[in-house]
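Structural overview for review
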Amino acid sequence: MFNELIEIDKEGNVFLQDDSIALMPKLWAVYKDKYGGSKMVRWIVSMDDYKSPFRRLPEEERSERVTMNIFEKRSMKKTSEKLVLEAREEYKLLQFDPMIDQYNAMSEQMFLMTKVFRSMRPTKDNLTELNDMQIKMQKAAEAREKLKAMILKDQDSEANIQGTGSEDFSMFEHEERLGA
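The notes below deal with the structure included here. (Residues numbered from 1 in each chain as written. Predicted model: local features only at pLDDT ≥ 70, side-chain atom pairs only at ≥ 80, totals over all residues. Heavy atoms only, no water.)

One finds Leu27, Val30, Trp43 and Ile44 to be the most contacted residues of the largest nonpolar core, which totals 17 residues. Elements supplying a minimum of two residues to this core: helix H1 (25-32), helix H2 (37-48), helix H3 (59-71) and helix H4 (82-95). Ranked by residue count, the leading element in this core is H2, at six residues. In this structure, Tyr50, Ile100, Leu147 and Ile151 belong to the second largest nonpolar core, which totals five residues. (Core = buried A, V, L, I, M, F, W, Y, C linked by side-chain atoms within 4.5 Å. Buried < 20%, exposed > 50% of the residue type's maximum accessible area, 1.4 Å probe, protein only. Helix = DSSP H or I, 4+ residues; strand = E, 2+ residues; numbered from the N terminus.)

Below, the structure is given as structure tokens:
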């Protein structure tokens with residue numbers, strides 16, 4: 001989704017690339033809102049798009065960083081308003097993929113596990129616990145990498161399926177679809 005349905009250029013401007021925006025009337029309403037606009041859509045995309053560089057951060061930290069990045073504030077009341085929350089839900093539903101959702105959940109848990117592991121200081125009493133935790137973290141990382149490989153393989157196969165997009169239609173198919 002990131003840079004497909006909604007393109008964000010190097011300057012941070014939002015361009016609605018696709019007619020699929022009609023599937024998200026709440027996001028469109030945020031885009032047209034004089035207090036929301038392009039920046040708020042960029043905030044929603046940065047918060048919730050599966051390909052967003054911020055996606056793997058826990059929700060609170062992600063919100064703070066994205067808000068700081070876009071609005072140059074730690075928090076902004078507008079981000080928690082009903083319309084924005086509804087637009088986020090619409091955006092999440094449109095791009096929902098259970099494997100990616102599982103991958104993101106695993107990433108969040110691994111982030112939390114790493115914080116706990118980092119906070120532990122080795123002592124004679126907890127060496128076994130540290131070793132067990134390290135082994136479990138390694139297994140979790142391997143499982144997450146397998147899932148990532150499956151996701152990438154799935155995305156590659158989707159991109160290579162012929163006849164899934166209108167650009168593959170013949171001239172006659174285009175005329176038929178247009179009702180000519």
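Here we come to the packing of aromatic side chains. As enumerated under the stated definition, the model contains one aromatic pair in all. For the ring pair Trp28 and Tyr31, a centre distance of 5.5 Å and an interplane angle of 25° mean the geometry is stacked. Pair noted here: Trp28 and Tyr31 are both in helix H1, with a separation of three residues, about one helical turn. For Trp28, a relative accessible area of 33% gives the class partly exposed. The exposure class of Tyr31 is partly exposed, given its relative accessible area of 27%. (Phe/Tyr/Trp six-rings, centres within 6.5 Å; stacked < 30°, edge-to-face > 60°.)

The subject of this paragraph is the pattern of salt bridges. On inspection of all chains with the given rule, the structure shows 13 salt bridges. A salt bridge links Asp48 to Arg62; the shortest N-O distance between them is 4.0 Å. Here Arg62 lies in helix H3 and Asp48 lies in helix H2, a separation of 14 residues in the sequence. Across this residue pair, the class does not change: Asp48 and Arg62 are buried. It is possible to trace a salt-bridge network through shared partners that takes in Asp48, Glu59, Arg62, Arg88, Glu89 and Lys92. (Salt bridge = Lys/Arg side-chain N within 4 Å of Asp/Glu carboxyl O.)

Over its 22 residues, helix H5 (residues 98-119) runs 32 Å from end to end, which matches the ideal 32 Å to within 8%, given 1.5 Å per residue. Those residues of H5 that sit buried are Ile100, Tyr103, Asn104, Ser107 and Met110. All buried residues of H5 project into a common sector of 120° when viewed along the axis, lining one side. Facing away from the buried side of H5 by more than 90 degrees, the exposed set consists of Pro98 and Ser119. The opening residue of H5 is Asp97, an N-cap whose side-chain oxygen sits 2.9 Å from the backbone nitrogen of Met99. (Expected span 1.5 Å × (residues − 1). Arc of directions from axis to C-beta. Polar contact = N/O pair within 3.5 Å; in protein donor to acceptor, adjacent residues only side chain to side chain.)

Shape descriptors only; they carry no functional weight alone.
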